[in-house]
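Listed here are the chains, written in short residue letters.
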Amino acid sequence: RYGVSSNSFALPTDHVHYVPLAAVLTAAERAAKRIGASRHSLAAIELPANVIERTGLTPVDLGGNGCAQLARKNGVDVMVNRALTAFDPVGSWRLADAEFPLDYASFRDALVEHLTPPDEDTSSWPQAERDEWEETLQACRWLVQLINDLDGQMAAFSSVMHYQDDLMRKVIPMINSKL
């Protein structure tokens, strides 16, 4: 027995990434026949469901895509995920508030201090060590600037999820490009 978890089960039927559960059930039946089983082993599906993303739980006659209804009709259990995190055309939303960490500033400041190396007189060092030290200084300066830029943009984020989304789409790829 197995299950399939897909965000696409919660999308409108005209969405480019929508995958109809009927197609998944057909593929499961074909796979079962191929191995000589009398019935597929698809036991459960999982889809996002929350106050914004209701399409997968809503029957077709009420404006949804009928995914959950079709699953139950075919003896497939339905589980939901992302109950407190939603996506819509505008962006991502955290549907529950999280307290801003009271010790955020002290951790930020400690990290910046850690990344700010002491002044060193490198004139007596071998050239290779001076070059390596300068490269390390440049990386530390870049990271401190990144921390300060992120800190300065904090107020622009609508939620923790919005911040995490920005990190994943912009900041982490930028860091990877520097490696």
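Since we're looking at a predicted model, the values are computed, not measured. (Residues numbered from 1 in each chain as written. Predicted model: local features only at pLDDT ≥ 70, side-chain atom pairs only at ≥ 80, totals over all residues. Heavy atoms only, no water.)

### Here's the deal with the pairing of strand β3 (residues 77-81)
For clarity, the cut-off: Here the rule is simple: two strands pair whenever DSSP picks up at least two bridges between them. Here a helix means four or more residues in a row that DSSP labels H or I, a strand means two or more in a row labelled E, and each is numbered from the N terminus. Here, the term right-handed applies to a crossover whose path from the first strand over the helix to the second runs clockwise when the strands point away from the viewer.
Judged from the five bridges that link them, strand β2 (residues 42-48) and β3 form a sheet pairing that is parallel. Bridge assignment links Pro48 to a residue of β3, and that residue is Asn81. This β-α-β element, β2 to helix α2 (residues 67-73) to β3, shows right-handed connectivity.

### Some points on the sheet that holds β2
Each strand in a sheet pairs with its neighbour through backbone hydrogen bonds, running either in the same direction (parallel) or in the opposite one (antiparallel). The following threshold applies: Here an angle of 0 to 180 degrees is reported between the N-to-C directions of two axes, which are lines fitted to C-alpha atoms, with helices fitted over the stretch in contact. Pairs of residues are marked as contacts when any of their non-hydrogen atoms sit within 4.5 Å.
Read from one edge to the other, the open sheet built from three strands follows the order β1-β2-β3, with strand pairing classed as parallel. Strand pairing shows two members of the sheet lacking a second neighbour, β1 (2-5) and β3, which therefore form its edges. Sheet twist, expressed as the average angle between the axes of neighbouring strands with direction ignored, equals 25 degrees. The sheet contacts of helix α1 (residues 21-34) involve β1 and β2, and relative to β2 the element is tilted by about 155 degrees.

### Describing the packing of helix α3 (residues 104-114) against helix α4 (residues 127-153)
Note the following rule: Here the word oblique covers every angle except those under 35 degrees (roughly parallel), over 145 (roughly antiparallel) and from 65 to 115 (roughly perpendicular). A crossing counts as left-handed when the near helix is turned anticlockwise from the far one by less than a right angle, and as right-handed when that turn is clockwise.
Put simply, α3 and α4 touch, their axes get as near as 10 Å, and they point 160 degrees apart. When the axis of α3 is compared with that of α4, the two are roughly antiparallel. You can see that α3 and α4 cross each other, and the crossing is left-handed. Within the contact between the two elements, α3 uses Tyr104, Arg108, Leu111 and Val112 and α4 uses Val144, Ile147 and Asp151.

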